[in-house]
Every structure is written in structure tokens, then in C-alpha cells.
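Remarks on the overall topology
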Amino acid sequence: MSILLVGEFGAEEYARWRENLAACLAGDEILRLATDKYDPASIEIALVANPPAGSLVGLRNLRLIQSLWAGVDRLLSDATVPAHVPIVRLIDPNLTQAMTECALACVMFLHRQFPAYAEQQATREWKKRPQTLARQRRVGILGFGQLGQAVAAALASLNFDVEAWSARSHSFEGIRTRTGQSGLAALLERSDILINLLPLTAETADILNANLFRQLPRGASIVNLARGGHLDEGSLLDALASGHLAHAILDVFREEPLPRDHPFWSHPRITALPHVAAETDMKTAAKIAADNIREFRGSRMPAPLVDRAKGY
Ligand code: NAP
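1. Digging into the site of the ligand
What surrounds the ligand is a group of 29 residues, the closest being Arg 89, Leu 147, Arg 168, His 170 and Tyr 312. Glu 203 places a side-chain nitrogen or oxygen 3.1 Å from a nitrogen atom of the ligand. Contacts to the ligand include Tyr 312, whose side-chain N or O atom sits 2.6 Å from an oxygen atom. Out of a free accessible area of 940 Å², the ligand has 94% covered by protein chains. Per-element tally for the shell around the ligand: the top contributor is helix H5 (residues 146–157), with 3 residues. Here the shell around the ligand is composed, by residue class, of 16 nonpolar, 8 polar and 5 charged.

2. Section: the pattern of salt bridges
Within the structure shown, the criterion is met by 16 salt bridges. Arg 176 is paired through a salt bridge with Glu 163; the nearest N and O atoms lie 3.7 Å apart. Of this pair, Arg 176 sits in strand E8 (residues 176–179) while Glu 163 is found in strand E7 (residues 161–166), placing the two residues 13 residues apart along the sequence. Since its relative accessible area comes to 6%, Glu 163 is described here as buried. Where salt bridges share partners, they join Asp 161, Glu 163, Arg 176, Arg 178 and Arg 190 into one cluster.

3. Remarks on the sheet that holds E8
The sheet built from 7 strands is open, its strands ordered E8-E7-E6-E9-E10-E11-E12 with parallel pairing. At either end of the open sheet lies a strand with only one pairing partner, and these are E8 and strand E12 (270–272). Each strand of the sheet is rotated relative to its neighbour by a mean of 15°, with strand direction disregarded. Pairing analysis gives 3 bridges linking strand E11 (residues 245–250) to E12, with the strands arranged parallel. From the neighbouring strand, Ile 249 faces E12, where its bridge partner is Thr 271. In the packing of helix H3 (residues 93–111) onto the sheet, the strands contacted are strand E6 (138–142), strand E9 (193–196), strand E10 (220–224), E11 and E12, and the crossing angle to E11 comes to about 155°.

4. A few points about the nonpolar core
Counting residues in hydrophobic clusters, the biggest one holds 67 residues, and the most contacted among them are Leu 5, Ile 195 and Leu 225. Looking at this core, the element that brings in the most residues is helix H9 (residues 282–297), giving 8 residues. Two domains each provide a minimum of three residues to this core, namely domain 1 (2–92 + 280–297) and domain 2 (94–272). Each residue touching Leu 225, except ones within four places of it in the same chain, is listed here: Met 99, Cys 102, Ala 103, Cys 106, Ile 195, Asn 196, Leu 197, Asp 251, Val 252 and Ala 277. With 25 residues, the next largest nonpolar core counts Ile 222, Leu 245, Phe 253 and Leu 258 among its residues.

5. Quick look at the environment of Ala 303
Tracing the backbone shows Ala 303 in the segment after H9. Spatially, the C-alpha atoms of Ala 303 and Ala 118 are 45 Å apart, while their sequence positions differ by 185 residues.

6. As for H5
Between the first and last C-alpha of H5 there are 17 Å, a value that for 12 residues agrees with the 16 Å anticipated at 1.5 Å per step. Three or more residues of H5 are buried, namely Leu 147, Gly 148, Val 151, Ala 152, Ala 154 and Leu 155. Mapping the buried residues of H5 onto a view down its axis gives an arc of 165°, with all of them on the same face. Residues of H5 that are buried make contact with H3, E6, E7 and E9. Looking one or two places after H5, you find Asn 159, whose phi comes out positive at around 80°.

7. Observations regarding the domain arrangement of the protein
Along its sequence, the protein is carved into domain 1 (2–92 + 280–297) and domain 2 (94–272). Each of domain 1 and domain 2 has a C-alpha centre, and the two are 33 Å apart. Contacts between the two partners involve 11 residues from domain 1, matched on the other side by 6 residues from domain 2. Together, the buried faces of domain 1 and domain 2 total about 710 Å²; carbon and sulfur atoms form 51% of this surface. A salt bridge links Arg 227 to Asp 73; the nearest nitrogen and oxygen atoms lie 2.9 Å apart. Counting across the interface, domain 1 meets domain 2 through 5 residue pairs in polar contact (both at pLDDT 80 or more). In terms of residue class, the side of domain 1 that touches domain 2 is made up of 4 nonpolar, 3 polar and 4 charged.

Scoring rules and cut-offs
Residues numbered from 1 in each chain as written. Predicted model: local features only at pLDDT ≥ 70, side-chain atom pairs only at ≥ 80, totals over all residues. Heavy atoms only, no water. Near = heavy atom within 4 Å. Polar contact = N/O pair within 3.5 Å; in protein donor to acceptor, adjacent residues only side chain to side chain. Areas by Shrake-Rupley, 256 points an atom, 1.4 Å probe, with all protein chains shown as cover. Helix = DSSP H or I, 4+ residues; strand = E, 2+ residues; numbered from the N terminus. Nonpolar A, V, L, I, M, F, W, Y, C, P; charged D, E, K, R; others polar. Salt bridge = Lys/Arg side-chain N within 4 Å of Asp/Glu carboxyl O. Buried < 20%, exposed > 50% of the residue type's maximum accessible area, 1.4 Å probe, protein only. Pairing = 2+ DSSP bridges. Axes fitted to C-alpha atoms, helices over the stretch in contact; angles between N-to-C directions. Contact = heavy atoms within 4.5 Å. Core = buried A, V, L, I, M, F, W, Y, C linked by side-chain atoms within 4.5 Å. Domains from an automatic or database assignment. Expected span 1.5 Å × (residues − 1). Arc of directions from axis to C-beta. Buried area = accessible area lost by both parts, 1.4 Å probe.

Okay, structure coming up:
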């Protein structure tokens, strides 16, 4: 029985994945690329990275799906992905490290008021703004999972005043965690900087909307590192225009690549990144996938599994 690799890849990327996976998989594993000729009935495991919808149709002997991406929202939105086949998430310390570094860069950029100084530079204005220390800067994190926890811990270690929001309650030294709508309201009203690290689900879609922005203190900034579908774009533009929000750093968008005529590109109070916060590291992801396949071959189900009912 074989392994199928399927993703939104060009020929060169497929070739690099094949090379990295071949270096890690057990010698008797047979790896097929979606671009190869193969018998669909021979596929037992699918390695997927944002696969085009319908990619897994006809794989009647499929028993395991291993995601090579952290987010599984696109995979779960494909109704043709067989509901009985377990999906294993990618947990990669390198990806977590990359996200932590990106979130720290965003928070420091906002905390040290670089957007305001950039505006001053444009008009050659020499003006010192009041200095604020990290312990006086309140950061709220939506999502306290694999990435949210790492980001929260890194910010707390630099003395930022961090709170986080999740579905279940968590206890975590040095970080107040909140749940539910009242917990969200309490977190929002004290967040000078709000970072979104939620998965995109039916419950979290459009969560960054006018109602949420209103609950943030005037002059707050937002950082969206999760998914474009979390953000109501029109509400963000309104909140920036009214001055209620000072700045937004956006790594993800409803449409990617961000269309060339999109107003976010030239907005002075938006920093737009081309979905680079935390990319899959092919070498480490291939090793993690291969280790999980070894576990599966040894009759143990790898973890963590995606909870289909929750959507993440
Ligand atoms: P994760 O481990 O699944 O954690 C998700 C967190 O969100 C958990 O704390 C979960 O609560 C919370 N949550 C989910 N639904 C909720 C709801 N309705 N209300 C309140 N909290 C809710 O996910 P992760 O690995 O940290 O990744 C988060 C997201 O980052 C991914 O889904 C992906 O979209 C994004 N991402 C972006 C990039 C990039 O390059 N920009 C790279 C990787 C990932 P519980 O703890 O109670 O379960």
C-alpha cells in the first residue's frame, strides 16, 4: 500500500517534497505524487498541504491523512474528504518558533510606535513620543493552542502584560486565560495589541468585526496571523478611518495573493505581509510525517488528531 502526496505545488516543489520525504520514510514505503500515474486503490495514507478540492476522491482504501500545514480549514471545507479517515495535524517546533518570532516582531513594531514614527518621518517631524515599557503594554491573544501558547509565553518572558482567550479553560503560569463571551469582552477591553491565532471555523469566521473592534480601547492595534476569513475587511477600514484602531498588521487575507488593486496595499495604517508568518519547513515536516507514518504502521494512531466536530 502506498502514500500519496498532494498539495498546491508546482513541479519543482513536488520534486523537493519527494526528495525530503524519501530521505525520511522507511525504505519499503512507496511514495506517489498527485502528478504521478498510480492506482487509487493502492493509496492508504495521504500527505496533504492545502490540496485542491476533490483531491482525495476515489481513494477507497485511505486510512490516514497527515496534514503538512498547520491550518486544516481548507481541508475540512472540502466535503469530498472522507469523514471516517482520521486527520493528523502538523505540530512542528520550527513552525511554532517561526510564528513566535513573527508575533514578537509585530508586537515590538507596534509597542515601540514604529508606525507613528514612520508617519512622522514622511513629514520630517522630529517628535519624541512618551516611552512605554512592556509591562505597561497589554497584549490579548485570541487562540491559546500550539501557537498562541508559544507566543504568549515569549511575550510574557519579555514582561508584556498578556492575556489569552480559548474555548476550554487552561491554566498557564504567568498568563491569565479567559473563555466564553464574557471572557472575550474582558480580554478585549484591556488589549492595546490584539493578536489573532484562532483556527478558522464556523464559530470564528469574521470574528474580527466592528463589534469586536468597538470593545478594544481607542488607539489599539490588531495583528492577524491566522486566516483572512477571520477579518471583516470593511469594518477594519472603518475602524482605522475613525481612529478607533491605530494600526493593523495582516499576514493573511480572504483572497491570496492579495489582489493588486486591494485598498490594504496602500493604506498608511496597514502593514501587509504575503502569508509568511510561519511557513512549513519541508525538512522537519517530512521527518515528522515519516515518524507519524512509522507509528501508524506500528498500529498506533499518531497525535494530535483534528476534531472534525470542532473544526480544528
Ligand atoms: P490550535 O493548536 O488548534 O489552537 C487553536 C486555539 O484556538 C485553541 O486554544 C482553541 O481553544 C482556540 N479556539 C478554537 N475555537 C475557538 C472558539 N470558538 N472560541 C475560543 N477559542 C477557540 O491551533 P494552532 O496550531 O495554534 O494554529 C492556530 C492557527 O494559526 C491555525 O489554525 C492557522 O489558521 C494559523 N496559522 C497561520 C500561519 C501563518 O503563516 N500565518 C501558520 C500556521 C498557522 P482550546 O484550547 O480550548 O481548544
